[in-house]
Amino acid sequence: MQVSSISNSIISTLGNPESRIPLAVKDIINSAGITYFSFDAGGKLEGKDRLIDEFGTEAIWLLGLPFFKLLANETIYKFRKLNPNVDVRVANSADHIEFAKRVLRPENPAEKKVLGSIDEAVKRLPEFKKLFYSKFGLATILTFASYYGLTKYKQKVTEKAVTKEYLKQKVNEEFFIRKSLESKQFQKFNKVAFSSKKDQTSQPSFKGLGSALEPFMFNPVKNMLVVDAGITTERLTKSRNKLEFMEYAIKEGSLLFLLYLAGDWINKGMAKFSESAFKLPIDLDLRFINSQTMKQAFGSDALNTEIKNFKELKTQKEILNYLADNQGTTIVKGAKISGLIKQIKNSTQIDPSAYIDTEEIKSFVDSLEKFVKAGEGQKVQDYLRKARNSKIGAILGSMAICCTALGYVVPKIMFEYRKKNSGSKEFHVVNQVKEKLDKQFSEAKI
């Protein structure tokens, strides 16, 4: 793979609305910015508290669902002798099953194995569906539980640190030891100081698995949104005071908007601007725009004929049959390059166990038609270069705007809000814990 193709793949991934990578980049920038501001405002104590919270959550958010799903794949699915790589929508669709039989060659061992996995899923469809829904539900619950554990750990670490500092300032160490052995009240104080005050026995519930949640199950970004919504709810409900609640509200509201809405809006806005101002549509995937497939086919009568023939197709079955029977066409090659059609590992053969959304294929061909028409009468190399550069600019511009907002603007707003409402940027949780300690010492009369 050449350096240019690697760059294309990376930048294309950053602009892919169904990839988790741009979400990860944005969230890491946000976590780094908020952690920096926390060290600056609240010192080492708040910085450590925020570091555990932000980057611990980052790990759970990014790795939780994939890890628990993989665990289910390697245990439950293997025990039941079912292939987790078969999309449940494929097994539930007569059109996709017929498509698989048209595409796969039984004489090829790898393709025969895929076909066997699909057949097994179809034969045991009720069990296969139940297993899929259960995997998603359990993975989501366990991810929430992991964050719940992180929240408990973070709050305990911070409270212990404040308590230790407080005790050093309050009493002589030998006097403290002697009194701790004598005083029953100290045992009560110790229990309060080193355990959470809040009742957190409830666990996240996961109800209503079914068709209403399927879009969240099949789309990796919407998978992340489910987890993010749970984390946001947990952060708000387990906030240690009103100030922390509002800081989390500012942070989480901005994060959800900039992760799941703003990037897509900015990309579409830039694409619309490029099309209206420069007559240059950039809806297609960067990898396809900059591919040899595009360079060889652009402006040819064969490509125009392909597009015309495809536009006559109406039903899902017709489109799938077209893909099966015309695998050497620019449309099929372009859909593969763009990630709309998956391929069997270490081959260029279509993998029909992965679901193909025919509506996405139709949108792809519409974008291709628009792209070809806009380039009529222009030099191929010049037009493709302009399109590539505009696409790169739109993707990087969108990322830059979101990352600047998440890494600087949002943290700045959070700590300015704290200063305005508490009179200081200092870590407010410290004073809250110290007030509790003062009360306990007073009750113990030490």
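First things first, this report covers the structure right here in the doc. Source: prediction; values computed, not measured.

Reading the values: rules and limits
- Residues numbered from 1 in each chain as written.
- Predicted model: local features only at pLDDT ≥ 70, side-chain atom pairs only at ≥ 80, totals over all residues.
- Heavy atoms only, no water.
- Helix = DSSP H or I, 4+ residues; strand = E, 2+ residues; numbered from the N terminus.
- Buried < 20%, exposed > 50% of the residue type's maximum accessible area, 1.4 Å probe, protein only.
- Core = buried A, V, L, I, M, F, W, Y, C linked by side-chain atoms within 4.5 Å.
- Contact = heavy atoms within 4.5 Å.
- Polar contact = N/O pair within 3.5 Å; in protein donor to acceptor, adjacent residues only side chain to side chain.
- Axes fitted to C-alpha atoms, helices over the stretch in contact; angles between N-to-C directions.
- Parallel < 35°, antiparallel > 145°, perpendicular 65-115°, else oblique.
- Left-handed = near helix turned anticlockwise from the far one by under 90°.
- Nonpolar A, V, L, I, M, F, W, Y, C, P; charged D, E, K, R; others polar.
- Lys, Arg positive; Asp, Glu negative; His and termini not counted.
- Salt bridge = Lys/Arg side-chain N within 4 Å of Asp/Glu carboxyl O.

## Section: the environment of Leu65
No. 1: Within the element layout of this structure, Leu65 appears in helix H2 (residues 21-80).
No. 2: Residue class for Leu65 comes out buried when judged on its relative accessible area of 3%.
No. 3: C-alpha separation for the pair Leu65 and Ile141, spaced 76 residues apart in sequence, amounts to 9.3 Å.

## Some details on unusual backbone geometry
No. 1: Of note in this structure, Lys81 is not a glycine but carries a positive phi near 55°.
No. 2: Mapped onto the fold, Lys81 is located in the loop between H2 and helix H3 (88-91).
No. 3: For Asn346, which is not a glycine, the phi torsion comes out positive at approximately 65°.
No. 4: As for its position among the elements, Asn346 is in the loop between helix H16 (330-337) and helix H17 (358-374).

## Section: the nonpolar core
The tendency in soluble globular proteins is for nonpolar side chains to be buried side by side.
No. 1: If you look at the biggest cluster of nonpolar residues, it comprises 56 residues, and the most contacted ones within it are Leu323, Leu368 and Phe371.
No. 2: Counting 32 residues, the second largest nonpolar core, distinct from the first, contains Ile34, Leu62, Phe68 and Val227.

## A few points about the environment of Asp87
No. 1: With respect to the helices and strands, Asp87 occurs in the loop between H2 and H3.
No. 2: With relative accessibility at 14%, the residue Asp87 sits in the buried group.
No. 3: Distance in space between the C-alpha atoms of Asp87 and Tyr355 is 5.9 Å, their sequence separation being 268 residues.
No. 4: Among all residues touching Asp87, those that are not within four sequence positions of it are Phe128, Phe218, Ser353 and Tyr355.
No. 5: Polar side-chain contacts of Asp87 include one of 2.8 Å to the backbone nitrogen of Arg89.

## Let's talk about the packing of helix H4 (residues 94-103) against helix H5 (residues 109-123)
No. 1: At a minimum axis distance of 10 Å, the contact between H4 and H5 shows a crossing angle of 160°. The angle between the axes of H4 and H5 places the two elements in the roughly antiparallel class. Every pair of crossing elements has a handedness; the one defined by H4 and H5 is left-handed. On H5, the residues touching Ile97, Ala100, Lys101 and Val103 of H4 are Glu111, Leu115, Ile118, Asp119 and Val122.
No. 2: Here the contact of H4 with H5 is composed, by residue class, of six nonpolar, no polar and three charged.

## Focus: the side chain of Lys391
No. 1: Mapped onto the fold, Lys391 is located in helix H18 (residues 380-422).
No. 2: One buried charged residue, Lys391, remains without a salt bridge, the closest side chain of opposite sign being Asp283 at 6.1 Å.
No. 3: Residues contacting Lys391, with those up to four places away along its chain left out, are Ile282, Asp283, Leu284, Leu286 and Ile289.

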